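# Overview (structure and organization)
As a plain string of letters, each chain reads:
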Amino acid sequence: MKNANPATAPKTFYLKDYTPFGFEVERVELTFQLAPEATRVFSKIRFAPRQGAADSRFFLHGEQLELLSAKIDGTPVEPRLIDGGLQCDDVPDQPFTWEAEVLINPAANTALEGLYMSNGMYCTQCEAEGFRKITYYPDRPDVMSTFNVRIEGAEPVLLSNGNPVATGDGFAEWHDPWPKPAYLFALVAGDLINHPDRFTTASGKDVELNIWVRPGDENKCAFGMEALKKSMTWDEEVYGREYDLDVFNIVAVDDFNMGAMENKGLNIFNSSCVLASPETSTDMNFERIEAIIAHEYFHNWTGNRITCRDWFQLCLKEGLTVYRDAQFTADMRSEPVKRITDVIDLRARQFPEDSGPLAHPPRPEEFQEINNFYTATVYEKGAEVIGMLKRLVGDEAYYKALDLYFERHDGQACTIEDWLKVFEDATGRDMSQFKRWYSDAGTPRLNVRDTYKDGSFTLTFRQSIAPTPGQNVKNPRVIPIAVGLLNDAGKEIVPTTVLEMTEAEQSFTFEGLNARPIPSILREFSAPVVLERETSATERTFLLAHDTDPFNRWEAGRALAREARIAMITHGAAPDAAYLEALMSLVRDDTLDAAFRALVLSPPSQSEIAQALHDAGTTPDPDAIHDAAETFSQTLAQAMADSLPRLYAATTVDGPYVPDAEGAGKRALNAAILGLLSRTDGGEAAAKQYEAADNMTLQLSALACLLRIEKGADQSAAFFEQWKDDRLVMDKWFALQVSMARPEAAADTARALCHHTLFDIKNPNRFRAVMGALAGHHAGFHQASGAGYQLLAEKLIALDALNPQTTARMCAAFQTWKRYDSARQATMRVELERILSTEGLSRDTNEMVSRILDA
């Protein structure tokens, strides 16, 4: 008997329909007999009926399984195979043992969910619903149990969750003493080499640490191991959380849909998120690896020891853990720079999601495919909500509430209500209005006006939220607004004060002032809102030069850059001279953090300009946006021509490469300056840097500068020859070919790369390197010919039959289709409808495209 995929006809699941599983799972025993095309999985599971259960059906999830046998208390049974699993109608009303033997085919599993093969290695990915492709089980996060696992295979390394309990010729046994849901199950088997280390916890427990890699990658593990140990120390010092097993294993896998997975004691990582060396990885790679290793480790408590009751509560574990990893990175590197980069990412990914057809609350009320809700709203906005909560209650109360959360809910599957209740109990605050941040979609727009009279300065705020799919009425939210006041000399006369807005319109007054102040509003980006305030370029320039809040100083420059480009596009204006002068002054100020100066020098993305035009009621023209960006950069380069060589030399980092915050900041500024210098020296400095580079950061930045001015063909060919055997470096090369292409050539470049001998549509990293780069090339993707839309749709249709999860997520490239002109809209609609009409389209992609078309 065999289960196919469930029917593709969309079924909607609702939060309001939650019902606990009718049985407790007391223990789980699994045996794997590994074979690439015919792995046998034996399960022995002890069930106990839950007294008074509203749903007493004995239903176990299962997909793409061949059931060979089933028993209850040793007696063979014939369960009914139905869509999505099996059901037994007559089960004992007392505890019983279920046994099953199934056959699965890891080699044929191109979806990379469940147990699959990656270049000869067995590995798993079970979040959210992959375990049902391994054996029959109640595959839901609120069913938690201990696991004993035996793996039988010829592979030299056999890994699973928990602690090792036995090993021998051709087998290994593991026991995980901590109850966990099935989505945290993991298994890895293959020819692997470990990079070992040890860690002693605060209470004196000795923990074995390993990063397991393929032969040849051993020299790329040291940084990841140090990041892991830093994370373990930080979680003890800041949150009081110690590690709870004897061993912590990380495995690097080439074929992986996501970044990494926090399986208990056996984290599985996309190779790109753990392997690093100066020769093959950039500063951004190192920082990302450090953050992702921290994120997955922090899940040990916020996700594993305490998990989510159902998948509607996903932001409970992800939002909190993203917030924790952001705190960690801020402590390890630069807090202001981390905050700025997080907001850039939030505005680029989450704000468009929140204002388009894919808008949903951090805790959605319904879904068809949970894989489609691993989104920027759940992760990044979820983290912003945690940040607001901490800002409102204060640091001391926040950590008091977290201690209560861990104490009260350890070993439980929880809800947003459980989370907010600990804050109510720890602080005495009513969290019912704050809960709207979890239940309501959409980004609030915060309009502010100010008045000054007789020493009193009043700020009046009005909040509004546009309707989102399924939510037309929006009630006021609690919004923490951090405000500081400056005098005309740039001195802070009122330090940062958090105003707590609870009404649709609300005023706050500052008394005893000698003159009208210059307000610095929404400091540290204290809430994920769009701030609307009529102000002058003069005031923004003042704040760029003098604001004592680093985020708002950067924000002033960002607003000036955005307004300058919009004026160029809509009125044919020349680049704003006052802004150019302020920008040059700041870049030359070597008393400022180099990473901060690099961020100020980095222009708004072309997609950001498109959204700003759309918000102002102007239809964005991708070609005009691209031309304005080029004109501005060229004008800035010419204005700084005399000082660029000196700045380039001054920001060059001497000595051996170290991936620390200081060096990375200098190299980021150096790369930005080199980009401008290449526009005036014809690429001479970039070519020299490429030849002399002893690390990937310098080599790749030089190559990008040369390709941008269409002079890097020889270096690009040399780069390929040098790195063609390194899969992660080749991902960089593929992406660079598309992202640096002229707009009219971007789609053709991507199409040609899809026929390259090193392109593999089945590898998510390589697919994203090419098609993700095309989708991110604003003017290239949105060429009026429609070539970008057509190519992406074609490749998504091809990929969907192999990997629905990656396909569905890439569909988000079309989510802003309604902001463009009617001709582009019509072309995108044709391509979206072509995807939707594909025979056998996956449930994942069907849901995404249907929601986008409903815009």
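Residues numbered from 1 in each chain as written. Predicted model: local features only at pLDDT ≥ 70, side-chain atom pairs only at ≥ 80, totals over all residues. Heavy atoms only, no water.

### What to know about the overall build of the protein
For the protein, the count of helices and strands is 27 helices and 31 strands. Taken against the 2.2 N^0.38 rule, which gives 29 Å for 855 residues, the C-alpha radius of gyration of the protein at 28 Å falls within 12% of a compact globule. Of the contacts formed within the protein by residues at least 6 apart in sequence, a portion of 70% connects residues at least 24 apart. As presented, the protein carries roughly 32300 Å² of accessible surface, and 49% of it is formed by carbon and sulfur atoms. Computed over 85 positive and 125 negative side-chain charges, the separation of the two mean positions in the protein equals 2 Å. (Helix = DSSP H or I, 4+ residues; strand = E, 2+ residues; numbered from the N terminus. Rg over C-alpha atoms; globule rule 2.2 N^0.38 Å. Contact = heavy atoms within 4.5 Å. Areas by Shrake-Rupley, 256 points an atom, 1.4 Å probe, with all protein chains shown as cover. Lys, Arg positive; Asp, Glu negative; His and termini not counted. Charge placed at Lys NZ, Arg CZ, Asp CG, Glu CD.)

### What to know about the sheet that holds strand S13 (residues 157-160)
Spatial strand order, S10-S11-S16-S13: four strands in an open sheet with antiparallel pairing. Here the strands that pair on one side only, and so sit at the sheet edges, are strand S10 (114-118) and S13. Strand-to-strand twist across the sheet, computed as the mean angle between neighbouring axes with direction ignored, equals 20 degrees. As paired elements, S13 and strand S16 (residues 187-190) share four bridges and run antiparallel to each other. In the sheet register, Ser160 faces S16, and the bridge partner there is Leu187. (Pairing = 2+ DSSP bridges. Axes fitted to C-alpha atoms, helices over the stretch in contact; angles between N-to-C directions.)

### Examining the pairing of strand S11 (residues 121-125)
A large share of S11 lies buried, amounting to five of its five residues. Every second residue of S11 is oriented toward a common face, with Met121, Cys123 and Gln125 on one face and Tyr122 and Thr124 on the other, all of them buried. Pairing analysis gives five bridges linking S10 to S11, with the strands arranged antiparallel. When the sheet's bridge partners are listed, Leu115 is paired in S11 with Thr124. Here S10 folds back onto S11 in antiparallel fashion, the turn holding two residues, of which Asn119 has a positive phi close to 50 degrees. As judged from the two bridges shared by S11 and S16, these two strands associate in the antiparallel manner. Residue pairing for S16: Tyr122 is matched across the bridge by Ala189. (Buried < 20%, exposed > 50% of the residue type's maximum accessible area, 1.4 Å probe, protein only.)

### Some remarks on the pairing of strand S18 (residues 206-213)
Burial analysis of S18 places six of its eight residues in the buried class, the great majority of the element. With eight bridges joining them, strand S17 (residues 193-200) and S18 adopt antiparallel strand pairing. The residue bridging Asn194 from the neighbouring strand is Trp212, located in S18. Connecting S17 to the antiparallel partner S18 that follows it, the hairpin turn spans five residues, and Gly204 within it adopts a positive phi of roughly 95 degrees.

### Considerations on the sheet that holds strand S15 (residues 171-180)
Taken together, the eight strands give an open sheet; going across it, the order is S6-S5-S9-S3-S2-S12-S15-S14, and neighbouring strands pair in mixed fashion. Among the strands making up the open sheet, the edge pair consists of strand S6 (75-76) and strand S14 (163-168). In this sheet, strand S12 (residues 145-152) lies alongside strand S2 (residues 23-33) in parallel orientation, the contact comprising six bridges. In the strand pairing of S12, Gln33 is matched with Glu152.

### Some points on the environment of Leu669
Mapping Leu669 onto the fold places it in helix H16 (residues 661-681). Leu669 sits 509 residues away from Ser160 along the chain, and the two C-alpha atoms are 44 Å apart.

### Brief notes about the nonpolar core
Counting residues in hydrophobic clusters, the biggest one holds 209 residues, and the most contacted among them are Trp98, Trp419 and Phe434. A per-element tally of this core places helix H5 (residues 376-393) first, with nine residues. Core analysis: the second largest hydrophobic core is formed by 54 residues, Ala702, Trp723, Phe767 and Leu799 among them. (Core = buried A, V, L, I, M, F, W, Y, C linked by side-chain atoms within 4.5 Å.)

### Section: helix H2 (residues 283-298)
An α-helical segment advances 3.6 residues per turn. Residues three or four places apart therefore align on the same side. Here H2 is 16 residues long and its end C-alpha atoms lie 23 Å apart, about the 22 Å a rise of 1.5 Å per residue gives. Across the 16 residues that make up H2, a large majority, twelve, are buried. Among the residues of H2, Asp283, Phe286, Ile289, Glu290, Ala291, Ile292, Ile293, Ala294, His295, Glu296, Tyr297 and Phe298 are the ones counted as buried. (Expected span 1.5 Å × (residues − 1).)

### Remarks on the environment of Thr631
Its location among the elements puts Thr631 in helix H14 (residues 622-639). For Thr631, a relative accessible area of 39% corresponds to the partly exposed category. Taking the C-alpha atoms as reference points, Thr631 and Val274, separated by 357 residues in sequence, lie 39 Å from one another.

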